Amino acid sequence: MAAADLAAGPWILQDERHHTMIFQAEFTVRIEPQGWTFAASDAVPLLQAARNAAIGLPSSCRNGTCRTCMCRLLSGQIRYQIEWPGLSSDEKKDGYILPCIAYPQSDLVIEEPRATALPLPVLG
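Treat the numbers as computed from the prediction; the structure is a model and nothing was measured.

Draft legend 1. Representation of the environment of glycine 64 within the structure. Mapped onto the elements, glycine 64 comes out in the loop between strand S5 (55-56) and strand S6 (71-75). When the C-alpha positions of glycine 64 and cysteine 100 are compared, they lie 6.5 Å apart, and in sequence the two are 36 residues distant.

What follows is the structure, given as structure tokens:
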């Protein structure tokens, strides 16, 4: 399977012994105006992927209802696992997303001036 194929989405393959292997796509997310970038899997919500990269995005409920995390998607594609996230049709049309429940489907650029750098965990 080519790398370009993997970028299209998750793949589930079985080898000749019927062992299942799951490949997840990984994308790059850039936050503006800071210019920070981080890697995000299509299997993890953007909010969690940012936290994993020591970037704090505003949040509260983490289930798409409070709208604290609402920010603007400047480019790229996301998907939701719920049918209708807590956004109006006008907000969706204007490019607003909820990172707490948004999963990347391509490289993304999001606008979130409230993003902060989180302290890196101390190892050892």
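Draft legend 2. Looking closely at the confidence of the model for the protein. Chain-level statistics for the protein give a pLDDT mean of 85 and a share of 81% at 70 or above. Long-range and interchain partners of residues 1-14, a stretch whose pLDDT sits below 50, account for 27 contacts in this model, where long-range means more than four residues apart.

Draft legend 3. How the structure looks around the pairing of strand S10 (residues 108-111). Two elements, strand S3 (residues 26-32) and S10, share four bridges in a ladder whose sense is parallel. Paired with isoleucine 31 across the bridge in S10 is isoleucine 110.

Draft legend 4. Looking closely at the packing of aromatic side chains. Applying the stated criterion across every chain yields a total of zero aromatic pairs. Seen from the ring of tyrosine 103, arginine 79 lies directly overhead, with NZ or CZ sitting 4.7 Å from the centre.

Draft legend 5. Summary view of the environment of cysteine 66. Counting through the fold element by element, cysteine 66 comes out in the loop between S5 and S6. Owing to a relative accessible area of 32%, cysteine 66 belongs among the partly exposed residues under this scheme. Put simply, cysteine 66 and glycine 86 are 20 residues apart on the chain and 7.6 Å apart in space, counted from C-alpha to C-alpha. Residue contacts for cysteine 66: discarding those within four places in its chain leaves Ser60 and Cys61.

Draft legend 6. Up close: the nonpolar core. With 24 residues, the main nonpolar core has Phe38, Leu46, Ile78, Tyr80 and Ile97 as its most contacted residues. For this core, the element with the most residues is helix H2 (residues 46-52), which contributes four residues. Beyond its immediate chain neighbours, meaning those up to four positions away, tyrosine 80 contacts Pro85, Leu87, Tyr96, Ile97, Leu98, Ile101 and Ala102.

Draft legend 7. Fine view of the environment of arginine 51. As for its placement among the helices and strands, arginine 51 is situated in helix H2. According to the relative accessible area criterion, arginine 51 is partly exposed, its value standing at 28%. At 2.8 Å, the side chain of arginine 51 forms a polar contact with the side chain of serine 59.

Rules behind the numbers
- Counting starts from 1 at the beginning of each chain's written sequence and moves along it residue by residue.
- Owing to the predicted nature of the model, reporting of local features is limited to residues with pLDDT of at least 70; listing and counting of side-chain atom pairs is limited to 80 or more, with chain, interface and lining totals taken over all residues.
- Note that the side-chain values use all heavy atoms of the structure and ignore hydrogens as well as water.
- Each helix corresponds to a stretch of at least 4 residues labelled H or I by DSSP, and each strand to a stretch of at least 2 residues labelled E; elements are numbered beginning at the N terminus.
- Scored between 0 and 100, pLDDT is the confidence that the predictor attaches to each residue.
- Contact criterion: two residues are considered in contact whenever any of their non-hydrogen atoms come within 4.5 Å of each other.
- Strands are treated as partners if at least two bridges between them are detected by DSSP.
- Stacked, tilted and edge-to-face pairs are distinguished by plane angle, under 30 degrees for stacked and over 60 for edge-to-face with tilted covering the rest, among Phe, Tyr and Trp rings (Trp via its six-membered ring) whose centres lie within 6.5 Å.
- Charge-over-ring placement is defined geometrically: NZ (Lys) or CZ (Arg) within 6 Å of the ring centre, and within 35 degrees of the ring normal.
- For the exposure calls, accessible area comes from a 1.4 Å probe over protein chains only, and a residue counts as buried if that area is under 20% of its type's maximum, exposed if over 50%, partly exposed in between.
- Only buried residues count toward a nonpolar core. Its members are Ala, Val, Leu, Ile, Met, Phe, Trp, Tyr and Cys residues joined through side-chain atoms within 4.5 Å.
- We call two N or O atoms a polar contact when they sit within 3.5 Å, provided that within protein one can donate a hydrogen and the other can accept it, with sequence-adjacent residues counted only if both atoms are side-chain atoms.

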